[in-house]
Amino acid sequence: MRVTSWGGHEPRGITIPQTSPVSPSHFLEARTFRLRVRFLSLFSRRLVIKDVSLVNPNIVWAQNAEGKWRLPGAEKKEAPAVSANPPPNIPESRTPSEPVEPAAPPVAATPAHLPSPPQVTVDRFAKRSRRPSVTVAPEVQRLNIENGNFTFLDRGGRMLASFTGVDFRSSLRSAFAIRGKAKVAKISLRDRFFLEQLQSPLRYEPDVLELSKISAHAGSGEVNGYFAMQPEAEDSPFTTRVTFSNVLADQIIADAGGSKGIVQGKLEGSFQASGETADPDALIGKGEVFLRDGRVQQYSLLVLLGQILQIEELRELDLEQAHLKYHVQPGLILIDELLLHSANIRLSAAGTATFDGKLKLDSQLAINEKIRGQLFKAIRQNFQPTSEPGYFALDFQVGGSVDRPSTNLMDRLVGRDLGNVINRLFGVGKTERPKKKKKRAEAATSTATPSPSAAPEETPLNFATTPSPSP
């Protein structure tokens, strides 16, 4: 500890142990703790602390078993308060052998019954000890955090959020109320979504933690919003509102663990939700996303279709319109409308996506007369006229997961049997083997000379099902 008249008190190597069993790290480790005192205030029986600064702190804060965010020792302080008032029958429980001391006021009122001189001496010392002592009430004016790192864990020890490069300047309205301004260099939410250069006014009271005017950057775009949480309520409920613009879609997808280069363009939209930090599935809200100047690199299935059907636009869509409208229920995202619209092709879908990425979408591929004229006649007939003049559509389903989607689009386009053969030849998706494959193979091996009508049919199937090296 270093103490100077101008620099104040500077304890170094501060450590606060962790009380939560889910984290092996200390609750707090800090290089320096600065305390600047106004010494002249001591002459007026006050201790005025001009500011308290925590320098380079690393804080790991875990939820307790009830899903609440509590400072270490908060539960310990609350526990004695329950037992501080003894039951009214405690005096009656004393044994007869225990002496009962008379109260001070009766002794002073009846001097005739004063005890012996030694007892008088004891009572005089007791009376002196009961005189009010001189107390100095501490008063903290400012609280600062310089270059801090915060990590928030759920009750299972999983990372909910991390804040790096935190600078906080605040004034204390009371012992339990803080107001100030926070700056954060980088934020990671469940290691999937990242914000940079966040700034916001901050208000903390026992019943609320509020960031009232958030501005930040994500994917090189701008993010604005509002966040409020009840840190000491059970499961720590929260509400949030977010708007964003000029966010690079490719960067957001790559940060979330997706493949880079699939979607290009700039995102804008809004999102509002409420939930509980202790339960990530308990989220309710709605939002919408628009993609401007978008380009989508197709999944392998659509690229294959473009190669087979000689439709260049299926290999890469230059989007004239792209948007997503959805709302969120506990554990489920309900996709109200997903639309990708290029000059000649329109892809639309609606359905559900779970929080773990499982998809169930009813989709439609619509093409105009120009693209329809390039198709084979057998495929062309599968597209039916739509309510939009000049467009013809084919319905299909999308399943699987966000990382590995599956669809029956190929089967709907060219028929199930031929679609399975094409999928196996090009290694697209997982398809079921034809049910009659085994019977046909046995018939081919048991018959020495196949009939002329059977030979043309079996030859391509045997060729298609014969293992071949991957390209």
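Above this text you will find the structure in question.
Residues numbered from 1 in each chain as written. Predicted model: local features only at pLDDT ≥ 70, side-chain atom pairs only at ≥ 80, totals over all residues. Heavy atoms only, no water.

(A) Expanded view of the overall build of the protein chain. On a plain count of helices and strands, the protein chain comes out with 11 helices and 24 strands. A separation of at least 24 residues holds for 47% of the contacts in the protein chain among residues at least 6 apart in sequence. A total accessible area of about 29500 Å² is found for the protein chain, and carbon and sulfur atoms account for 56% of it. (Helix = DSSP H or I, 4+ residues; strand = E, 2+ residues; numbered from the N terminus. Contact = heavy atoms within 4.5 Å. Areas by Shrake-Rupley, 256 points an atom, 1.4 Å probe, with all protein chains shown as cover.)

(B) Expanded view of the environment of G258. As for its position among the elements, G258 is in the loop between α4 (249-255) and β15 (263-276). Sequence separation between G258 and R192 is 66 residues; the distance between their C-alpha atoms is 9.9 Å.

(C) Focus on a positive patch on the surface. A contiguous patch of positive charge on the surface is contributed by R142, R169, K181 and K183. Along the chain, K181 falls in strand β10 (residues 177-189). Classification of K181 as partly exposed rests on a relative accessible area of 43%. (Patch = residues over 30% accessible without salt bridge, like charges linked within 9 Å, V, L, I, M, F, W, Y side chains within 5 Å. Salt bridge = Lys/Arg side-chain N within 4 Å of Asp/Glu carboxyl O. Lys, Arg positive; Asp, Glu negative; His and termini not counted. Charge placed at Lys NZ, Arg CZ, Asp CG, Glu CD. Buried < 20%, exposed > 50% of the residue type's maximum accessible area, 1.4 Å probe, protein only.)

(D) Spatial organisation of the pairing of strand β14 (residues 237-248). In this structure, strand β13 (residues 221-229) lies alongside β14, joined through 8 bridges in antiparallel fashion. In the strand pairing of β14, N224 is matched with T243. With 10 bridges joining them, β14 and β15 adopt antiparallel strand pairing. Each residue of the ladder has a partner; that of T240, found in β15, is A273. (Pairing = 2+ DSSP bridges.)

(E) Quick peek at the packing of aromatic side chains. Taken as a whole and assessed by the stated rule, the structure comprises 6 aromatic pairs. Members of the aromatic cluster, joined through ring pairs, are F27, W61, F150, F152 and F163. The residue whose ring lies beneath R346 is Y391, and the NZ or CZ to ring-centre distance is 5.6 Å. The cationic tip of R372 hangs over the ring face of F392; the distance from NZ or CZ to the ring centre is 4.3 Å. (Phe/Tyr/Trp six-rings, centres within 6.5 Å; stacked < 30°, edge-to-face > 60°. Lys NZ or Arg CZ within 6 Å of the ring centre and 35° of its normal.)

(F) Quick look at the pattern of salt bridges. Enumeration over the complete set of coordinates arrives at 9 salt bridges. For the salt bridge of D318 with R295, the shortest nitrogen-to-oxygen distance reads 2.6 Å. Of this pair, D318 sits in strand β17 (residues 316-318) while R295 sits in strand β16 (residues 279-297), and the two are 23 residues apart along the sequence. A relative accessible area of 36% means that R295 is categorised as partly exposed. Its salt-bridge partner being E369, residue R372 comes within 3.9 Å of it at the nearest N-O pair. Of this pair, R372 and E369 both sit in helix α6 (residues 369-372), 3 residues apart, which is roughly one turn of the helix. Salt bridges here are not isolated pairs; linked through shared partners, they connect R203, E205 and E210.

(G) Up close: the side chain of R372. Residue classification places R372 among the buried positions, given a relative accessible area of 17%. Apart from the residues within four sequence positions on either side, R372 is in contact with I367, R380, F383 and F392.

(H) Representation of the side chain of E210 within the structure. Mapped onto the elements of the fold, E210 is located in strand β12 (residues 208-218). With relative accessibility at 16%, the residue E210 sits in the buried group. Here the side chain of E210 touches Y226 through a polar contact of 2.8 Å, side chain to side chain. (Polar contact = N/O pair within 3.5 Å; in protein donor to acceptor, adjacent residues only side chain to side chain.)

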